[in-house]
Amino acid sequence: MMKRKPVAFGDLRGWIGALKAHDELAEINAEVDWNIELGTIMRLAQGPGTGRAMLFNNIKDYNRPDSRCRRVFGSALNNYRRIAIMLGLPPDTHPRELVKISRSILEGMIPPRTVNSGPVKENIVTGRDIDLTELPVPYWNRMDGGRYLITYAGVVSKDPTTGVMNVGVYRGMLAGRDKIPILMWRAQHIGHHVTAWLAQGEKEMPIAVAIGWEPSLGFCAGSPVPKGTCEYDVMGAMRGEPVELVKCETVDLHVPASAEIVIEGYLGLEPETYMMEGPYAEFTGYLASERSLKPTIRVTCISHRNDPILRGTIEGCLPGSYSENAVGSSIMRAATAWNVLDRAGVPGITDVWCPPVQAGINCLVRMQQTYRGQAKQAANALWGSTAAHVRYKHVTVVDDDIDVHDYAAVDWAIAHRVNAGENDIVIMPATFGLGLDPSTRRRDRNPALFGTGKWNRVLIDATQNIDYDPDPDLGGARFPPTVWPAEDDVAAAKARWHELGLDRKR
Ligand SMILES: Cc1cc2nc3c(=O)[nH]c(=O)nc-3n(C[C@H](O)[C@H](O)[C@H](O)COP(=O)(O)O)c2cc1C
């Protein structure tokens, strides 16, 4: 595994500075409208992982000297160069290495440190002064149900019994000066907390939303860190130093001391307090989760730095336009899947990859197969893990001669090594799954009814079938040889390459 030099950027501004130094930042100084225009620009500019990070410095209606917040930053982690920079690696590091490094980060832990105060306490807004519309919250997509404030922020809650905090990314919409309905599923860790607070007879759950800090905040919060492990510990492992936290003003939770903006409050647990939320341009690239009543944050305090920067992201990945969630997921969901397989004891795994365009809904596993049923063991292990809740719907397993980063190779293996009549296609019906999947029935996407979606999962076993008898005519092999020439023949032909005029560059 490559050696890395963990970087503690200090805050969002330190990260923006690093991006600037690497020529990875586009600063937009012309006035841009928060209403549809900003989101449209970001979606078009991000490209298939080719665009730069974006800092909007001049936002319509929010560009007076006394505006509470005047800037929006996004489109940062939708590119492997920037993920490598975040991890302290050379920018051209191959995604396979990023997956391997992320595996060890996910297993590492540097606990946070609590400090007395920090820049996030420079401004504290409470009571009647709370007005979320003072923030330049974009109306990201024309079809969205409203303006989305929480798009790539760390939503902090805690287990009432153990006190262990969880930090996750859960979308949240503006629904008034001090109300934010959010989308959360009971199978997510925040959902586990809701269940635990309800069991104690509570009507509300303390919650805090940290917006804008080092890139590890969204990257870790948006990843399925195992239950009981606090994302702050994993963020510490990623940056090589403890995260400095401060206590919130109105709830007993902790947030990064140098965050740009922190929103504190209580999540209503009683259905009478739910507010309308959605729909939203979701990570699938489809409009999802229809307008419905959702648990809502009643905001009790906003604290923020002087001249704060609102960190946001445009959700919805499509061919040609890769979201931060999709590119980040391609690394973290692959790393998580690999760790799950290891923990379950599935042997012979040599690579795992989730191509970015579908964010880990389809997972590719490469293995050295030594016994019958190994691919099924891998799929079962993945599907049995909590990490499979909103990912790994389709698992494709290939042999070790197939490079999972080369889709042509995977496609070739599926074409010639899959036989549906020989159990190479396995359906695991009616499991938990993504409640935003447009291929599922509308009724099955109702979080209030079911707490989760409903997935019929598929294993595509594209390995050579070990259930076949060894063929004596093939020297005991089960599959015929490929037509790739023998090593000696390759060497002899290559020796004549120059003479034949074939080494001329075109
Ligand atoms: C940009 C972004 C937006 C997300 N939005 C949501 C959301 O609205 N609801 C949700 O349940 N998960 C959402 N997720 C996925 C969760 O953050 C992810 O599953 C994470 O593992 C949840 O935290 P947990 O593992 O602590 O439950 C989002 C992830 C990202 C990166």
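Scroll up a little and you will see the structure.
In this text, all values refer to a predicted model and were calculated from it rather than measured experimentally. (Residues numbered from 1 in each chain as written. Predicted model: local features only at pLDDT ≥ 70, side-chain atom pairs only at ≥ 80, totals over all residues. Heavy atoms only, no water.)

> What's the story with the side chain of R43 in this structure? I'm lost.
One can find R43 in helix α2 (residues 37-46). One buried charged residue, R43, remains without a salt bridge, the closest side chain of opposite sign being D144 at 6.7 Å. Excluding residues that lie within four positions of it along the chain, R43 makes contacts with N141, A281, I314, E315, G316 and S321. (Helix = DSSP H or I, 4+ residues; strand = E, 2+ residues; numbered from the N terminus. Buried < 20%, exposed > 50% of the residue type's maximum accessible area, 1.4 Å probe, protein only. Lys, Arg positive; Asp, Glu negative; His and termini not counted. Salt bridge = Lys/Arg side-chain N within 4 Å of Asp/Glu carboxyl O. Contact = heavy atoms within 4.5 Å.)

> Help me understand unusual backbone geometry in this model?
Of all residues except glycine, most have a negative phi; of all peptide bonds, most are trans. Note that the residue after G278, namely P279, is joined by a cis bond; omega there is -5°. Residue placement: P279 occurs in the loop between β15 (275-277) and β16 (280-281). Although it is not a glycine, I36 adopts a positive phi angle of roughly 75°. Along the chain, I36 falls in the loop between β1 (25-28) and α2.

> Hey, could you run me through the site of the ligand in this one?
Near the ligand you find 19 residues, and of these N166, V169, Y170, R171 and H189 are the closest. Within the contact set of the ligand, an oxygen atom lies 2.7 Å away from a backbone nitrogen or oxygen of H189. At 3.4 Å, a backbone N or O of P224 approaches an oxygen atom of the ligand. For the ligand, whose accessible area on its own is 630 Å², the fraction buried by protein is 94%. Within the residue set of the shell around the ligand, elements represented by two or more residues are β8 (165-168) and α8 (324-343). Looking at the shell around the ligand residue by residue, the classes come out as 7 nonpolar, 8 polar and 4 charged. (Near = heavy atom within 4 Å. Polar contact = N/O pair within 3.5 Å; in protein donor to acceptor, adjacent residues only side chain to side chain. Areas by Shrake-Rupley, 256 points an atom, 1.4 Å probe, with all protein chains shown as cover. Nonpolar A, V, L, I, M, F, W, Y, C, P; charged D, E, K, R; others polar.)

> Looking at this model, I keep getting lost on a nonpolar patch on the surface. Mind explaining?
A cluster of nonpolar side chains, W497, L500 and L502, forms an exposed patch at the surface whose accessible area comes to about 280 Å². Within the element layout of this structure, L500 appears in the segment after α12 (487-495). Among the residues examined, L500 registers a relative accessible area of 46% and is labelled partly exposed. (Patch = residues over 30% accessible without salt bridge, like charges linked within 9 Å, V, L, I, M, F, W, Y side chains within 5 Å.)

> I would appreciate a short explanation of the nonpolar core in the present structure.
In globular proteins that are soluble, nonpolar side chains generally tend to be buried together. Counting residues in hydrophobic clusters, the biggest one holds 104 residues, and the most contacted among them are W15, F73, I83, Y232, L382 and Y392. A total of 10 residues in this core trace back to one element, the largest contributor, which is α8. Not counting chain neighbours up to four residues away, the residues in contact with I83 comprise L77, L98, F219, V327, G328 and I331. Counting 45 residues, the second largest nonpolar core, distinct from the first, contains W34, V72, Y170 and I180. (Core = buried A, V, L, I, M, F, W, Y, C linked by side-chain atoms within 4.5 Å.)

> Sorry if this is basic, but what is going on with the packing of aromatic side chains here?
The description of an aromatic ring pair uses the distance of the two centres, along with the angle that the planes make with each other. Scanning all chains against the criterion turns up 3 aromatic pairs. Taking 6.1 Å as the distance between ring centres and 50° as the angle between the ring planes, the aromatic pair formed by Y80 and W353 counts as tilted. Here Y80, found in helix α3 (residues 80-86), pairs with W353, found in strand β21 (residues 349-353); they are 273 residues apart in sequence, far enough to count as distant. One exposure class covers both Y80 and W353, and it is buried. Relative to Y280, the ring of Y148 has its centre 4.2 Å away and its plane inclined at 35°; by these criteria the two rings are tilted. Remark: Y280 occurs in strand β16 and Y148 occurs in strand β6 (residues 148-150); sequence separation between them is 132 residues. With respect to class, Y148 is no different from Y280; both count as buried. Stacked on the ring of W34, the Lys or Arg R147 has its end atom at 3.7 Å from the ring centre. Sitting over the face of the ring of W497, K494 holds its NZ or CZ atom 4.2 Å from the ring centroid. (Phe/Tyr/Trp six-rings, centres within 6.5 Å; stacked < 30°, edge-to-face > 60°. Lys NZ or Arg CZ within 6 Å of the ring centre and 35° of its normal.)

> Whenever I open this one, the pairing of strand β12 (residues 244-247) confuses me. Can you help?
The two faces of a sheet get side chains in turn, since along a regular strand they alternate between them. Relative to β12, strand β4 (residues 113-114) is paired through 2 bridges, and the arrangement is parallel. Across the sheet, the residue bridging to R113 is E244, located in β12. In terms of strand pairing, β12 meets strand β13 (residues 254-256) through 3 bridges, oriented antiparallel. Across the sheet, the residue bridging to K247 is H254, located in β13. Two successive antiparallel strands, β12 and β13, enclose a turn made up of 6 residues. (Pairing = 2+ DSSP bridges.)

> Which parts of the structure should I look at to understand the state of the cysteines?
Two cysteines, two sulfur atoms, one covalent bond between them: this is a disulfide. Per the stated rule, a full pass over the model turns up 0 disulfides. Distance from the sulfur of C69, which forms no disulfide, to the nearest cysteine sulfur (C301) is 16 Å. For C69, a relative accessible area of 0% corresponds to the buried category. Lacking any disulfide linkage, C220 is separated from the closest cysteine sulfur, that of C230, by 10 Å. Given the relative accessible area of 0%, C220 is considered buried. (Disulfide = S-S within 2.5 Å.)

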